[in-house]
Amino acid sequence: MLINLTRHDEIRARNVARCREKGILLPTFREMKDPSLVSDKVKARLKETGLWDVDPINLYRITWHNEPVDKGGLYGGVNFIEVPRQITGTRARILALVGKWFPCGVHKVGATYACLAPALVSGNFDASKQAAVWPSTGNYCRGGAYNSALLGCKSIAILPEDMSQERFNWLKTVAGEIIATPGCESNVKEIFDKCHELNAERGGNIVIFNQFEQFENYLWHYEVTGAAILEVLEQLGIKEENVRAYASSTGSGGTLAAGDHLKDTYPGIKIGAGEALQCPTLLRNGFGAHRIEGIGDKHVPWIHNVKNTDMVLSIDDQDCMDIFRLFNEDAGHEYLSKMGVDDDQVAQLSLFGISGIGNLLSAIKMAKYYEMDEDDVVFTILTDSSSMYTSRIAELREQQGPFDELEAARVHSGALLHQGIDNALELGYYDRLRIHNLKYYTWVEQQGKTYEELNRQWYDRNYWKSLPAMTSQIDEMIDAFNADILA
Ligand SMILES: Cc1ncc(COP(=O)(O)O)c(C=O)c1O
């Protein structure tokens, strides 16, 4: 079993008692996908609760359906936008799910919950005695620390020291402990080393939820992100032949799993994996430092279903930083208004974080590469929003000078309208195999995975399919756990 659901009754009973004492109930995958199933009692409490409050009722806001308000919101349709063509410069439509309206402002709060919940309800994590460790290069440790706080358990966030100041400032308010590892975004090996060190020092007192290998992360995105996209496509009445591509950068490879769900429904869809051109691991077996926080970490994550990936898009981080300024500086807004972007659309530009901009550029490259027309759709994800990175604007002003109309025109024209299909590789069978083979060096040589399992990922057709087959079992276990809390 790729997800450990072995029951440990004594620990499970302690977790039940703890949740009962703290008034905590756990949402199921069913409810995260379709929150209309959530009880009226929960909804009444949500009406009194802020989106970012550290209140366990916010576990029921782990869904793409939250009303886009800071306090008291219930549920509506899926949060998504269509990016205006004046911005994309593509003939095809580019649609994006919006991550800002998750509690603590990031979509990875879902994947971390999906890691914690099965461990709690099976008794593989002892909430009263153990600390949950969240190794991450971006928002995963934010979501993990937040969910741990909701569940009243200890947490340790591990992230590289160069991550944005906002991340550290906020983490200090929720995480039990924060460990900053050397380097930037792409220094994941240092994070893994720290995990091994912690394991050696603290052993049974911690449980490490490593997003890069934890299939619960894959499963949450397959189920919940995938279902949200399918719902939007249905709502807009997009014909099957026009559902052309899904573009997502890979940090842990979790978000990419929504593409696997889409491909199960729309077999013709192309799945594009984005990374930073400055760290072109998928494109060129390359390495390097870059500034697209949250993605591209000099290795291929264990949970990336490489055989299902059709294209690699390497995105220049300077384009992302330039567009981030275009989307957040006054001169950028004024220029885009002149170019015909209306006021509501300008207001939506704050929904893009830096990796969301990277995703947009991947989507643009795919739309152009496959020569998509007006009815075709590329879907992508805005994983968080600009509010995670406001300090970067001040830094860029200092490093690169003011952002005026001339700069806005340069960026709009160069990085968006004329974004080309360079550094985009359509993957053949052996390109995929080359990328898959890279897993050997990280996972088998360094991180203790077996050669046999690595081969199963490639050769066993049921390996990846066995994951969604586990969702109903997890939901049954959550239902039984909740029933015991209420008993
Ligand atoms: C800001 C940001 N963007 C993108 C990602 C990539 O998502 P995934 O890890 O699911 O591949 C992350 C991951 O934490 C992130 O923090």
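Structure's up top.
Residues numbered from 1 in each chain as written. Predicted model: local features only at pLDDT ≥ 70, side-chain atom pairs only at ≥ 80, totals over all residues. Heavy atoms only, no water.

1. A word on the pattern of salt bridges
Line of reasoning, step 1. The tally for this structure, following the rule as stated, stands at 29 salt bridges.
Line of reasoning, step 2. Residue Lys33 is joined to Glu223 by a salt bridge in which the shortest nitrogen-to-oxygen separation is 2.6 Å. Remark: Glu223 occurs in helix H9 (residues 215-235) and Lys33 occurs in helix H2 (residues 29-33); sequence separation between them is 190 residues.
Line of reasoning, step 3. A relative accessible area of 27% means that Lys33 is categorised as partly exposed.
Line of reasoning, step 4. Note that Arg93 is salt-bridged to Glu82, the shortest N-O span being 2.8 Å. Taken together, the positions of Arg93 in strand E2 (residues 93-98) and Glu82 in strand E1 (residues 80-83) put the pair eleven residues apart, joining distant regions of the chain.
Line of reasoning, step 5. For Arg93, a relative accessible area of 21% gives the class partly exposed.
Line of reasoning, step 6. Here the salt bridges share partners, and the residues they tie into one network are Arg167, Glu293, Asp384, Arg392 and Glu395. (Salt bridge = Lys/Arg side-chain N within 4 Å of Asp/Glu carboxyl O. Helix = DSSP H or I, 4+ residues; strand = E, 2+ residues; numbered from the N terminus. Buried < 20%, exposed > 50% of the residue type's maximum accessible area, 1.4 Å probe, protein only.)

2. With respect to the site of the ligand
Line of reasoning, step 1. What surrounds the ligand is a group of 20 residues, the closest being Lys108, Asn139, Ser252, Thr255 and Ser355.
Line of reasoning, step 2. Within the backbone of Gly254, one N or O atom sits 3.4 Å away from an oxygen atom of the ligand.
Line of reasoning, step 3. One of the side-chain nitrogen or oxygen atoms of Ser355 is found 2.6 Å away from a nitrogen atom of the ligand.
Line of reasoning, step 4. Burial of the ligand by the protein amounts to 99% of the accessible area it has alone, namely 390 Å². (Near = heavy atom within 4 Å. Polar contact = N/O pair within 3.5 Å; in protein donor to acceptor, adjacent residues only side chain to side chain. Areas by Shrake-Rupley, 256 points an atom, 1.4 Å probe, with all protein chains shown as cover.)

3. What to know about the side chain of Gln419
Line of reasoning, step 1. Position of Gln419 among the secondary structure elements: in the loop between helix H17 (405-417) and strand E11 (424-426).
Line of reasoning, step 2. Of the polar contacts made by the side chain of Gln419, one reaches the backbone oxygen of Ala415; its length is 2.7 Å.
Line of reasoning, step 3. In this view, Gln419 contacts Asp319, Leu361, Ile364, Lys365, Lys368 and Gly414; residues no more than four positions away in its chain are not counted. (Contact = heavy atoms within 4.5 Å.)

4. Comments concerning the sheet that holds E11
Line of reasoning, step 1. Read across the open sheet, the seven strands follow the order E1-E2-E10-E7-E8-E9-E11; overall the sheet is mixed. The sheet is open, and its two borders are formed by E1 and E11, each paired with just one other strand. Geometrically, the sheet is characterised by an average inter-axis angle of 25 degrees between neighbouring strands, direction not taken into account.
Line of reasoning, step 2. Sitting on the sheet, H9 touches E1, E2, strand E7 (243-249) and strand E10 (377-382), and the angle it makes with E10 is about 135 degrees. (Pairing = 2+ DSSP bridges. Axes fitted to C-alpha atoms, helices over the stretch in contact; angles between N-to-C directions.)

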